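Below, each chain spelled out in residue letters.
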Amino acid sequence: MTGQPADVSRAAELLRAGELVAFPTETVYGLGADAGNPAAVAKIFAAKGRPADHPLIVHLPHSSHLERWAVDIPAAAGKLAAAFWPGPLTLILKRHPAVPDAVTGGQDTVGLRVPDHPLALQLLREFGGGVAAPSANRFGRISPTTAAHVREELGESVALILDGGPCAVGIESTILDLSGSEPRILRPGMLDETSIGAVLGHAPASGGRQDAPRVSGSLEVHYAPRTPLRLLAAAELAATAREALAAGRRIAVLSAQPPAFSHANLVCYPASSEPARFARELYASLRALDALGCDLILVAAPPAGEAWRGVADRLRRAAAGSK
Ligand code: TXA
Ligand code: MG
């Protein structure tokens, strides 16, 4: 697990040979394959245990590659790319006919982004094409934010893991659909609606619509630890922890204000009260809490407000997945 220039060259070679390479991005680690090679893309689905009709994001070295992957590109795409790429924004556009069905899940749209991580950009430039990459976790599990997480999730099924250290953003990119009649956020992330709206000149729509393209991240069971997880108002947390402890259960707590008492069966993890840091630490914290083997993880619900929307979305799914 390395990140030297020689490893980037080796990784680009492996991609050309149709192999899988895990690489860091600013959001989470991706499990990459040559997006132009359906047999290579098929290996992603096998390694993740992911249903084959779920579309993948294609990672590009530069926004000038957009025309190779999309058609009917609206002016908004160029503006957003200029403002936010490289960065944690995925654009859904009408697919170019050359994009393999294996990448789009057979849909008429494709997800594209230029990631903001030096190793990812080096790899993409050296490879020279599009790299299809979902998060490098097993299907339905917590996304990896370190190279060690990728190894835990995927082990030997990946030829090489480029190690770029912990991811700076920590939750997946904001997904904006530009293929319909109006821009719509399909998955909130740390790039918020106000920033996107400022470039578009109006606020994007958000939330699902009936004919929305499939987003596997919108399945309720996503991002779940194995230990049941409950999301609670911060004020209810201590009382709920006491009750569960009284019932003999072992409890892990993730909160900026942990309960003010201690107990042999209670483990508290500090959470940041600042959204960017909370997001950066979230998945590693959930993994660590999961590994404690407690009966229940209690998480204090984040405050309302736009800055917390991406984090709130992932926590809600983690809680839904453990019912
Ligand atoms: O930050 C990220 O986006 C990370 C890093 C590795 O780039 N990738 C990521 O990939 O989160 P994945 O596969 O775990 O989630 C990508 C999401 C899925 O929910 C997928 O359904 C959606 O993007 N997606 C991809 N192509 C799409 C399309 N054509 N229409 C709608 N959704 C699409
Ligand atoms: Mg994922």
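It should be emphasised that the depicted structure is a prediction, and the values quoted were computed from it without experimental measurement. (Residues numbered from 1 in each chain as written. Chains lettered and ligands numbered in written order. Predicted model: local features only at pLDDT ≥ 70, side-chain atom pairs only at ≥ 80, totals over all residues. Heavy atoms only, no water.)

**A few points about the overall build of the protein**
Which entries qualify depends on this criterion: Secondary structure counts use DSSP, requiring at least four H or I residues in a row for a helix and at least two E residues in a row for a strand, with both numbered from the N terminus. We take the radius of gyration over the C-alpha atoms and set the globule estimate at 2.2 Å times the residue count to the 0.38 power. Note on areas: Shrake-Rupley, 1.4 Å probe, and residue coverage restricted to the protein chains presented here. Counting rule for charge: Lys and Arg are taken as positive, Asp and Glu as negative, and neither His nor the chain ends is counted. Taken as the charge centre is NZ of Lys, CZ of Arg, CG of Asp or CD of Glu, depending on the residue.
On a plain count of helices and strands, the protein comes out with 11 helices and 15 strands. Since a compact globule built from 323 residues should have a radius of gyration of about 20 Å, the 20 Å found for the protein is in line with a globular shape. If one aligns the C-alpha atoms of the protein with their principal axes, the spans along those axes are about 60 × 45 × 30 Å. Counting every atom, the protein has about 12,900 Å² of accessible surface; 52% of that belongs to carbon and sulfur. Taking the average location of the 31 positive side-chain charges in the protein and that of its 31 negative ones, the two points are 3 Å from each other.

**Some remarks on the packing of aromatic side chains**
Applicable threshold: Any two of the Phe, Tyr and Trp rings considered here, Trp counted by its six-membered ring, make a pair once their centres fall within 6.5 Å; the pair's planes then place it as stacked at under 30 degrees, edge-to-face at over 60, or tilted in between. Relative accessibility under 20% of the residue-type maximum defines a buried residue, over 50% an exposed one, and the middle range a partly exposed one, all with a 1.4 Å probe and only protein chains included. The rule for a charge over a ring is simple: NZ of Lys or CZ of Arg within 6 Å of the ring centre, and within 35 degrees of the ring normal.
One pass over the full model with this rule turns up one aromatic pair. A ring pair is formed by Phe 278 and Trp 308, whose centres lie 5.4 Å apart and whose planes are at 75°; its orientation type is edge-to-face. In this pair, Phe 278 sits in helix H10 (residues 275–291) while Trp 308 sits in the loop between strand E15 (296–300) and helix H11 (309–320), placing the two residues 30 residues apart along the sequence. We classify Phe 278 as buried; its relative accessible area is 7%. A cation over a ring is seen here: Arg 242 above Phe 261, with NZ or CZ 4.0 Å from the ring centre.

**Quick word on the side chain of Thr 240**
Keep this limit in mind: Whether two residues touch is decided by their heavy atoms; if any such pair falls within 4.5 Å, the residues are in contact.
Here Thr 240 shows up in helix H9 (residues 234–246). Take Thr 240: its relative accessible area is 13%, and that puts it in the buried class. Apart from the residues lying within four places of it in its own chain, the contact partners of Thr 240 are Arg 230, Leu 232 and Leu 298.

**Focus on the sheet that holds E15**
Formally: At least two bridges found by DSSP between two strands is the condition for calling them paired. Here, axes are lines fitted to C-alpha atoms. For helices the fit covers the stretch in contact, and angles between N-to-C directions go from 0 to 180 degrees.
Read across the sheet, four strands follow the order E12-E15-E13-E14 without closing on themselves; strand pairing throughout is parallel. At either margin of the open sheet sits one strand with a lone partner, and together these are strand E12 (229–232) and strand E14 (266–270). The sheet shows a mean angle of 20° between the axes of neighbouring strands, taken without regard to direction. Relative to E14, strand E13 (residues 251–255) runs parallel, the two sharing five bridges. Paired with Val 253 across the strands is Cys 268, a residue of E14. In this fold H9 packs onto E12, E13, E14 and E15, with an angle of close to 165° to the strand it touches most, E15. Each of E12, E13, E14 and E15 touches H10; the most contacted strand, E13, lies at about 175° to it.

**Quick notes on the domain arrangement of the protein**
Selection rule: Here the limits of each domain have been adopted from an automatic or database domain assignment. Summed over both partners, buried area is the accessible surface (1.4 Å probe) that two parts give up on being assembled. We define a salt bridge as a side-chain nitrogen of Lys or Arg found within 4 Å of a carboxyl oxygen belonging to Asp or Glu. Two N or O atoms form a polar contact when they lie within 3.5 Å of each other; inside protein one atom must be a possible hydrogen donor and the other a possible acceptor, and for residues adjacent in sequence the pair counts only when both atoms belong to side chains. Three classes are used, and their members are as follows: Ala, Val, Leu, Ile, Met, Phe, Trp, Tyr, Cys and Pro are nonpolar, Asp, Glu, Lys and Arg are charged, and the others, Gly among them, are polar.
Domain boundaries in the protein define domain 1 (5–206) and domain 2 (229–321). Taken over C-alpha atoms, the centre of domain 1 sits 29 Å from the centre of domain 2. The interface is formed by 23 residues belonging to domain 1 together with 17 residues belonging to domain 2. Regarding the contact of domain 1 and domain 2, the summed buried area is about 1,600 Å², with carbon and sulfur atoms giving 52% of it. Our enumeration of links across domain 1 and domain 2 arrives at five salt bridges. At the junction of domain 1 with domain 2, the criterion picks out 10 residue pairs in polar contact (both at pLDDT 80 or more). Broken down by element, the residue count for the side of domain 1 that touches domain 2 peaks at three residues, all from helix H7 (residues 147–154). Of the residues assigned to the side of domain 1 that touches domain 2, the class counts are nine nonpolar, seven polar and seven charged.

**Regarding the packing of helix H1 (residues 5–16) against helix H6 (residues 118–127)**
The angle between the axes and the distance between the axes are what describe a pair of packed helices. Short version of the rule: If an angle is under 35 degrees, it is roughly parallel; if it is over 145, roughly antiparallel; if it lies from 65 to 115, roughly perpendicular; otherwise it is oblique. Definitions for this section: a left-handed crossing has its near helix turned counterclockwise from the far helix by less than a right angle. A right-handed crossing has that turn clockwise.
Closest axis-to-axis distance for the H1/H6 pair is 9 Å, and the angle between their directions is 50°. When the axes of H1 and H6 are compared, the pair comes out oblique. In this structure, H1 crosses over H6, and the sense of that crossing is right-handed. The segment H1 lies against H6, with Val 8, Ser 9, Ala 11, Ala 12, Leu 15 and Arg 16 engaging Leu 119, Gln 122, Leu 123, Glu 126 and Phe 127. Considered class by class, the residues forming the contact of H1 with H6 number seven nonpolar, two polar and two charged.

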